[in-house]
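# Observations on the model geometry
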Amino acid sequence: MLRSLESWKINLISVWFGCFFTGLAISQIIPFLPLYVEELGIRGDNALSIWSGLTFSITFIVSAAVAPLWGSLADRKGRKLMLLRASFGMGAVILLQAFVTQAWQLLLLRALMGLTSGYIPNAMALVAAQVPRERSGWALSCVSTGQIGGVILGPMIGGLLADWLGLRMVFIVTAVLLMVSFLVTLFLIRETGYTPVSKQDKLSGRDVFRSLDNPRLMICLFVTTMVIQMCNGSVNPILTLFVRELAPDAQNIAFLSGVIAALPGVSALIAAPRLGKLGDRIGTQRILIATMIVSLLLLIAMSFVTSATQLGVLRFLLGFADGAMMPAVQTLLVRHSRDNVTGRIFGYNQSFMYLGNVAGPLLGAAVSAVTGYRWVFFATAIVVLLNVVLLQRFYRRPKTELPVRR
């Protein structure tokens, strides 16, 4: 028992560092993609916007399409192998992006990057498969702080590297960080208690859902994942412009916008493990619904702000809810599925996450173009409200008790 306990704790720490380096690596690049596209010869505002949008979105679109495949392979071959595949594959593809000479080459490699994605969902599935179920909320919340920390620091480190070493060096450093994730996974993570699913025993997609105690809830949780990502991404296209509207006399709009953009990540880092632990005690579904209602109220409040300070305070408070929502969804996925389909379930969930990454900015851009910046927050709040209603309707006690992992 002690040896098993030590094993999953070592894996938890190792996975945390792997997710941190992965989040750091990916977020370093995204803020500077438009500049890199321009450096590759794309000129004109319209052409630059189109190429930048395609280059950003194609990774998530391809990732959404292949995530269930990697989830199925994880159930058959093991999660550690998928972690090694994702970290090495992404590192190699990002390294190649440093040497492209034309925009179409970058677009092709960004699509290929989507094929190699999947480190974080497989890390979550590995942790979920090894920790005691009664502690899964706390464990998954801890893992999420690694990704959050990397995403917060990534743009700042990427900006410094771009200024000091040039845009191409950012890709090279990012590839090195992903190789660190590969080495951490290779030497420190041990996948214990794993029972591979043979190709003959592999369930079809329909049979996977038939094996669940509450298939409707599972689909609702997938949609919830998409909504959470939409909420996080809908503000991104207009945040800097909205801050400029709120503080027209500010001389450091870029810095001020960057701070306001990062504030939810800071509070999420603080809240995630604490609310995950609380969810293990009082019920993860209660934490999820409560934090979504809090997010709904804060988003409505943001549509009425009159200063950048007010917006920053509200976004900081929003981070406390953000830090609980995604780990809560992942915890419920674990508790309402069985070990032999965990990889498939997390793969499907990751597809919805990627779809949210694409749909969120599109929603924000479309609403702001038609009605103005403030209505983006209100429109996002309506999406959250609809999701809360769905959760309240479909959440119920499982028909069967899942075996408790000791």
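By the naming in an unreviewed UniProt entry, the chain is Multidrug transporter subunit MdtG, taken from Pantoea wallisii. Of the comments in the UniProt record for the chain, the one headed Subcellular location (unreviewed entry) reads "Cell membrane".

Our focus in this paragraph is the nonpolar core. Counting 49 residues, the largest nonpolar core has Leu288 and Leu311 as its most contacted members. Looking at this core, the elements that each hand over two or more residues are helix H10 (215-234), helix H11 (239-246), helix H13 (284-302), helix H14 (308-335), helix H15 (342-371) and helix H16 (374-394). For this core, the leading source of residues is H14, giving 10 residues. If sequence neighbours within four positions are ignored, Leu288 has contacts with Leu221, Thr224, Met325, Ala328, Val329, Leu332 and Leu391.

Taken residue by residue, the chain gives an average pLDDT of 82. The fraction at 70 or more is 89%. Within the chain, no element has a lower average pLDDT than helix H9 (residues 205-210), which sits at 69, and none a higher one than H13, at 93. Residue range residues 397-406 is modelled with pLDDT below 50. Its contacts to residues more than four positions away, or to other chains, number 25 contacts.

On the surface, Lys9, Arg135, Lys277 and Arg281 cluster together into a patch of positive charge. Structurally, Arg135 can be placed in the loop between helix H6 (119-130) and helix H7 (136-165). Exposure remark for Arg135: the relative accessible area of 34% places this residue in the partly exposed category.

Further remarks concern the packing of H10 against H15. Contact geometry of H10 with H15 gives a least axis separation of 7 Å together with a crossing angle of 35°. Regarding H10 and H15, the two cross each other, and that crossing is right-handed. Split into classes, the residues belonging to the contact of H10 with H15 amount to 14 nonpolar, 9 polar and no charged.

On the surface, Leu160, Trp164, Leu165 and Met169 cluster together into a nonpolar patch covering about 440 Å² of accessible area. Per-element accounting of the nonpolar patch gives the leading share, 3 residues, to H7. With respect to the helices, strands and loops of the structure, Met169 is situated in helix H8 (residues 167-188).

Time to look at the pattern of salt bridges. This structure, assessed with the given rule, holds 2 salt bridges. Put simply, Arg168 and Glu39 hold a salt bridge, and the shortest N to O gap is 3.7 Å. In this pair, Arg168 is assigned in helix H8 and Glu39 in helix H2 (residues 33-39), connecting sequence segments 129 residues apart. Assessed through its relative accessible area of 29%, Arg168 is described here as partly exposed. Across the salt bridge formed by Asp280 and Arg335, the nearest N and O atoms sit 2.5 Å from each other. Here the residue Asp280 occupies a position in helix H12 (residues 253-282), and Arg335 occupies one in helix H14, the gap between them amounting to 55 residues.

Cut-off values and rules
- Residues numbered from 1 in each chain as written.
- Predicted model: local features only at pLDDT ≥ 70, side-chain atom pairs only at ≥ 80, totals over all residues.
- Heavy atoms only, no water.
- UniProt positions renumbered as here; feature names shortened; annotations may be inferred.
- Core = buried A, V, L, I, M, F, W, Y, C linked by side-chain atoms within 4.5 Å.
- Buried < 20%, exposed > 50% of the residue type's maximum accessible area, 1.4 Å probe, protein only.
- Helix = DSSP H or I, 4+ residues; strand = E, 2+ residues; numbered from the N terminus.
- Contact = heavy atoms within 4.5 Å.
- pLDDT = per-residue confidence, 0-100.
- Patch = residues over 30% accessible without salt bridge, like charges linked within 9 Å, V, L, I, M, F, W, Y side chains within 5 Å.
- Areas by Shrake-Rupley, 256 points an atom, 1.4 Å probe, with all protein chains shown as cover.
- Salt bridge = Lys/Arg side-chain N within 4 Å of Asp/Glu carboxyl O.
- Lys, Arg positive; Asp, Glu negative; His and termini not counted.
- Charge placed at Lys NZ, Arg CZ, Asp CG, Glu CD.
- Axes fitted to C-alpha atoms, helices over the stretch in contact; angles between N-to-C directions.
- Left-handed = near helix turned anticlockwise from the far one by under 90°.
- Nonpolar A, V, L, I, M, F, W, Y, C, P; charged D, E, K, R; others polar.

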